[in-house]
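Okay, here's what each chain looks like letter by letter:
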Amino acid sequence: MSSEVGSGSSESKKSKVYTLKEISEHNTQASTWVVIHDSIYDVTKFLDEHPGGEEVLLEQGGKIATEQFEDVGHSSDARELMKQYKIGELHEDDKQHTKEKGPIKWSDSNER
Ligand code: HEM
């Protein structure tokens, strides 16, 4: 069976499409994937380095962690960092189309 999906152009380096079902199998220390804003991140190698601890990542392993990620108010540094762990995108059917909130801007709450 041929598995040519999508445009087949070579412009994107290594973005694969996964379903939530496939992702759900990566919920252990041996392989930890999290979904944030419809992108999939393989954080297996990052578990040790995560400033928020490996526990929270393992807890979200194999799942959509968009809300949890945004609730923490991750910095722009964190958002830069995560790019290198991206391995693909959620299948169109599973996408939530959430919007990037961006780091908290303190000026939002007390402008004037
Ligand atoms: C690839 C994904 C992720 C990356 C690159 C990442 C990176 C970081 C970084 C750099 C920090 C330090 C604070 C900051 O710069 O904002 C942090 C803190 C933290 N992160 Fe993540 N994170 C990721 C995913 C998650 C997820 C899915 C959760 C789920 C709950 C989470 C929970 C936390 C918590 C609780 C802290 C603790 C902050 C504190 O001690 O004040 N992170 N993360």
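So, how was this worked out
- Residues numbered from 1 in each chain as written.
- Predicted model: local features only at pLDDT ≥ 70, side-chain atom pairs only at ≥ 80, totals over all residues.
- Heavy atoms only, no water.
- UniProt positions renumbered as here; feature names shortened; annotations may be inferred.
- Core = buried A, V, L, I, M, F, W, Y, C linked by side-chain atoms within 4.5 Å.
- Buried < 20%, exposed > 50% of the residue type's maximum accessible area, 1.4 Å probe, protein only.
- Contact = heavy atoms within 4.5 Å.
- Near = heavy atom within 4 Å.
- Polar contact = N/O pair within 3.5 Å; in protein donor to acceptor, adjacent residues only side chain to side chain.
- Helix = DSSP H or I, 4+ residues; strand = E, 2+ residues; numbered from the N terminus.
- Nonpolar A, V, L, I, M, F, W, Y, C, P; charged D, E, K, R; others polar.
- pLDDT = per-residue confidence, 0-100.
- Salt bridge = Lys/Arg side-chain N within 4 Å of Asp/Glu carboxyl O.
- Donors = N, O, S within 2.8 Å, 3.2 Å for Na, K, Ca; no water.
- Tetrahedral: all angles 85-135°; square planar, octahedral: opposite > 155°, others 65-115°.

Named according to an unreviewed UniProt entry, the chain is Cytochrome b5 originating from Darwinula stevensoni. Listed under Sequence similarities (unreviewed entry) in UniProt, the entry text for the chain is "Belongs to the cytochrome b5 family."

Visitor: Requested: an account of the nonpolar core, with residues and values cited.
Guide: Val-34, Ile-36, Tyr-41, Val-43, Phe-46, Leu-47, Leu-57, Ala-65, Phe-69, Met-82 and Tyr-85 form the largest nonpolar core, which has 11 residues in total. Beyond its immediate sequence surroundings of up to four residues, Leu-47 is in contact with Gln-29, Thr-32, Gly-53, Glu-54, Leu-57 and Leu-58. Counting residues in hydrophobic clusters, the runner-up holds 7 residues, among them Tyr-18, Ile-40, Ile-87 and Leu-90.

Visitor: Before we move on, could you go through the site of the ligand and cite the residues and values that matter?
Guide: Residues in close proximity to the ligand total 16 residues, the closest being His-50, Pro-51, Gly-52, His-74 and Ser-75. Interatomic distance of 2.8 Å between a side-chain N/O atom of His-50 and a nitrogen atom of the ligand. Ser-75 places a polar side-chain atom, nitrogen or oxygen, 2.5 Å from an oxygen atom of the ligand. Elements represented by at least two residues in the shell around the ligand include exactly helix H2 (54-60), helix H3 (66-72) and helix H4 (76-82). When its residues are assigned to classes, the shell around the ligand shows 10 nonpolar, 6 polar and no charged.

Visitor: Can you break down the confidence of the model for the chain residue by residue, with the values?
Guide: Predicted coordinates in regions of low pLDDT should not be interpreted in detail. Scored by pLDDT, the chain has a mean of 87; 81% of the residues are at 70 or more. When the criterion is pLDDT under 50, residues 6-12 qualifies, and its contacts beyond four places in sequence or with other chains add up to 0 contacts.

Visitor: Please provide a residue-by-residue account of the pattern of salt bridges, values included.
Guide: All chains considered together, the criterion is met by 6 salt bridges. Here Arg-79 and Glu-70 are joined by a salt bridge, their closest N and O atoms 3.0 Å apart. Like Arg-79, the residue Glu-70 is buried in the burial classification. For Glu-92, the salt bridge is made with Lys-95, and the minimal N-O distance between the two is 3.6 Å.

Visitor: Provide a residue-level description of the coordination of the iron atom of the ligand, including the pertinent values.
Guide: Octahedral metal centres with six donors ideally show angles of 90 or 180 degrees, and tetrahedral centres with four donors ideally show 109.5 degrees. Each protein donor to the iron atom of the ligand is listed here as His-50 (NE2) and His-74 (NE2); together their distances run 2.0 Å. Metal-centred angles of 85 to 179° between the 6 donor atoms at the iron atom of the ligand mark the site as octahedral. Placement of the pair is His-50 in the loop between strand S4 (39-42) and H2 and His-74 in the loop between H3 and H4, with a sequence separation of 24 residues. His-74 shares its class with His-50; the two are buried.

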